[in-house]
Amino acid sequence: MDRKQLGQAMMALLGPDKVLTEELDLLYYSYDSSFHARNHRFVPDIVVTPQSTEEVSQIMQYAYTHGIPVTPRGAGSGETCGSVAVQGGIVMDLSKWQTIEEIDTANMQVLVRPGVIHANLNKELAKYGLFFPPDPGSTRMCTIGGMIANNSSGLRAVKYGTTEQYILGLEVVLPDGRVITTGGIKSRAIKNVSGLNLTKLFVGSEGTLGVITKARIRVWPKPKARGILMAVFPKLEDAPAAVLDVYQGGILPSGIEILDESAIQAVNMYKPEINLPNAQAILIFEVDGNPASVEYEGNRIAEIVKPRTSQVEWSTEPKRMAQLWEGRGVVATAAARVREDGSRVFAGEDISVPLAKVADTLRAIRSLGDKYGVRVVNYGHIGDGNVHTAPVIDPELPEEVERANQLADAIHRLAIEMNGSTTGEHGVGYVRARYAPLEHGPAVDVMAAIKQTLDPKGIMNPLKVFLPEEGINSVS
Ligand SMILES: Cc1cc2nc3c(=O)[nH]c(=O)nc-3n(C[C@H](O)[C@H](O)[C@H](O)COP(=O)(O)OP(=O)(O)OC[C@H]3O[C@@H](n4cnc5c(N)ncnc54)[C@H](O)[C@@H]3O)c2cc1C
């Protein structure tokens, strides 16, 4: 089907205001926030912006009948080419559909449409002393639909878990246009173990099984107090060991972040006034709760980690907390400063490894950086082993891009060797789909069977999460 015909059909369904066909508009949708999309353009044939379940269903019925690929999209903040149309066809932009349908304080839950921005939801919830805990760094951009599709989380996942733990039920439009509801979207019960858990199937499915059009989400009481502790480690191995000591001391902080030597250097180059102590690692603990428990836990963590550290500082005073946090806050931006003409790229940036292997992993990444001649800055959510690796290159030089890609490939394989995962937060999308057989083995066949059942024509976000059989067999 040619673009003109497709455009006419979509305009007949949605009206002209919800259909984009201009070259410049399409170009905007040809990338997300990934490094891969910077180097490869995937221009869709058309973009649609539905704002009702009926409209989504009609688009899917049409696409199914005509065998046209459909790629759901939220804010496009993903790092994996997940929301770009690698096989062309329709990009379905759901970011305009920003309705919070209900804040049900009596039952501690909300009902939202997919385009609601995460930070906006939490701003509304704060009025009732509530919050939706997963906290991606992209909070001011990303949509709830994108978060559910990617099962997003952030630095507080160590205590509060990931998006999946809060999704009570979904409304989903299937690839053939049928509309289903899962779990507790109709009921308001918090607990529901009835039937196969289809809600969990769709959470993290990255737009490959259907379009999420509504979500019922559990919300929690917003903590009343918090405190920050910075601990400086002369020996890298002592940092993960101290995390374990804290857990074994019966304390679960709301965040535990690591900056290794490379990140400390980057921060000090970027903002010398932050003046982080030179060390092999710095840990930043956050605790939250009520004022008395926060005070107790902060002081207890300080006692526990002290023997392994050269410096510990604990504060609940807002100005000092902001200063203690600043190094972690700027590290993503600071990474690029390790090289004058460098840019930080998102490649191999989100591996997750067992806590006991964090130190070995960081050392191995440094060796890989040396092998491929790429400066690498490491930081991340050490509390759950999620290491963010920031290669710094000149992305205008194809030879450097190639080396960064080789490094990313080696880092992904390292994660699997370490009994970890190629992605702790950002998802698989297009850029990591080829690792699925290595990471999941024969389970990929089961994933493919589920996909085949729900999407027999393969129109729903093709080539994402895992590849069709020929792709799977070609990877070793
Ligand atoms: C600066 C920055 C910081 C980030 N920090 C974090 C972080 O801390 N933690 C984290 O987890 N991620 C992080 N990310 C990655 C990204 O922001 C998250 O994965 C986010 O949840 C994606 O939301 P989105 O609305 O931008 O989705 P998109 O990027 O538009 O889409 C992501 C995936 O979801 C699918 N999708 C989107 N909407 C729907 C829908 N309604 N139905 C079905 N499928 C859908 C798409 O097809 C795609 O596969 C960060 C990104 C940036 C740029």
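Thresholds, definitions, all that
- Residues numbered from 1 in each chain as written.
- Predicted model: local features only at pLDDT ≥ 70, side-chain atom pairs only at ≥ 80, totals over all residues.
- Helix = DSSP H or I, 4+ residues; strand = E, 2+ residues; numbered from the N terminus.
- Rg over C-alpha atoms; globule rule 2.2 N^0.38 Å.
- Buried ≥ 20, exposed ≤ 12 C-beta atoms within 10 Å, placed from the backbone.
- Contact = placed C-beta atoms within 7 Å.
- Pairing = 2+ DSSP bridges.
- Domains from an automatic or database assignment.
- Nonpolar A, V, L, I, M, F, W, Y, C, P; charged D, E, K, R; others polar.
- Expected span 1.5 Å × (residues − 1).
- Near = placed C-beta within 6 Å.
- Axes fitted to C-alpha atoms, helices over the stretch in contact; angles between N-to-C directions.
- Parallel < 35°, antiparallel > 145°, perpendicular 65-115°, else oblique.
- Left-handed = near helix turned anticlockwise from the far one by under 90°.

Caption draft 1: Representation of the overall build of the chain. When its secondary structure is counted, the chain shows 17 helices and 19 strands. For a compact globule of 476 residues, the expected C-alpha radius of gyration is about 23 Å, and the chain comes in at 23 Å, within 12% of that figure. Its C-alpha atoms put the chain at 70 × 60 × 40 Å along the principal axes. The buried share among the 476 residues of the chain stands at 50%. In the chain, 71% of the contacts between residues at least 6 apart in sequence involve partners at least 24 apart.

Caption draft 2: Quick peek at the pairing of strand β12 (residues 225–233). In terms of burial, β12 is largely enclosed, as seven of its nine residues are buried. Pairing of β12 with strand β14 (residues 281–289), which is carried by nine bridges, proceeds in the antiparallel orientation. Paired with V232 across the bridge in β14 is I282. With five bridges joining them, β12 and strand β15 (residues 311–315) adopt antiparallel strand pairing. What sits directly across from M230, in β15, is E313.

Caption draft 3: Here's a closer look at the domain arrangement of the chain. Along its sequence, the chain is carved into domain 1 (3–93), domain 2 (100–221), domain 3 (223–426) and domain 4 (436–474). With seven residues of domain 2 in contact, the opposing surface of domain 3 contributes 10 residues. The residue makeup of the side of domain 2 that touches domain 3, split by class, is three nonpolar, two polar and two charged.

Caption draft 4: Summary view of helix α11 (residues 291–305). The terminal C-alpha atoms of α11 lie 21 Å apart, and with 15 residues this matches the ideal 21 Å at 1.5 Å per residue to within 8%. Here the buried face of α11 lies against β12, α9 (238–248), β14 and β15.

Caption draft 5: Representation of the site of the ligand within the structure. Contacts to the ligand come from 38 residues, most closely from G74, G78, G145, G146 and G207. Elements with a minimum of two residues in the shell around the ligand: β3 (70–73), α6 (144–150) and β10 (211–218). Considering each element in turn, the shell around the ligand owes the most residues, five residues, to α6. Formed jointly, the shell around the ligand draws a minimum of three residues from each of two domains, domain 1 (3–93) and domain 2 (100–221).

Caption draft 6: Layout of the sheet that holds strand β9 (residues 179–183). Strand order in the open sheet formed by five strands is β5-β6-β10-β8-β9, and the pairing between neighbours is antiparallel. The open sheet has two edge strands with one neighbour each: β5 (100–104) and β9. Mean inter-strand twist for the sheet, computed between neighbouring axes without regard to direction, equals 10 degrees. Judged from the four bridges that link them, β5 and strand β6 (residues 109–112) form a sheet pairing that is antiparallel. Looking at the pairing, I100 lines up with V112 of β6. Its contacts with the sheet place helix α4 (residues 53–66) against β8 (167–173), β9 and β10, and it is angled at close to 50 degrees to β8.

Caption draft 7: Highlighting the packing of helix α13 (residues 358–372) against helix α14 (residues 398–417). Two elements in contact, α13 and α14, have axes separated by 10 Å at closest approach and are oriented at 155 degrees. By the angle between their directions, the pair α13 and α14 is classed as roughly antiparallel. With respect to the hand of their crossing, α13 and α14 are arranged in right-handed fashion. Listed contacts from α14 to T361, A364, I365, L368, G369 and Y372 of α13 are R403, Q406, L407, A410, I411 and L414. Among the residues making up the contact of α13 with α14, the classes are represented as eight nonpolar, three polar and one charged.

Caption draft 8: Broad picture of unusual backbone geometry. Although it is not a glycine, N275 adopts a positive phi angle of roughly 50 degrees. Within the secondary structure, N275 sits in the loop between α10 (261–270) and β14. Given 10 C-beta atoms within a 10 Å radius, N275 is considered exposed. Of note, the phi angle at L463 is positive, near 65 degrees, even though the residue is not glycine. By the secondary structure assignment, L463 is in the loop between α16 (443–454) and α17 (469–474).

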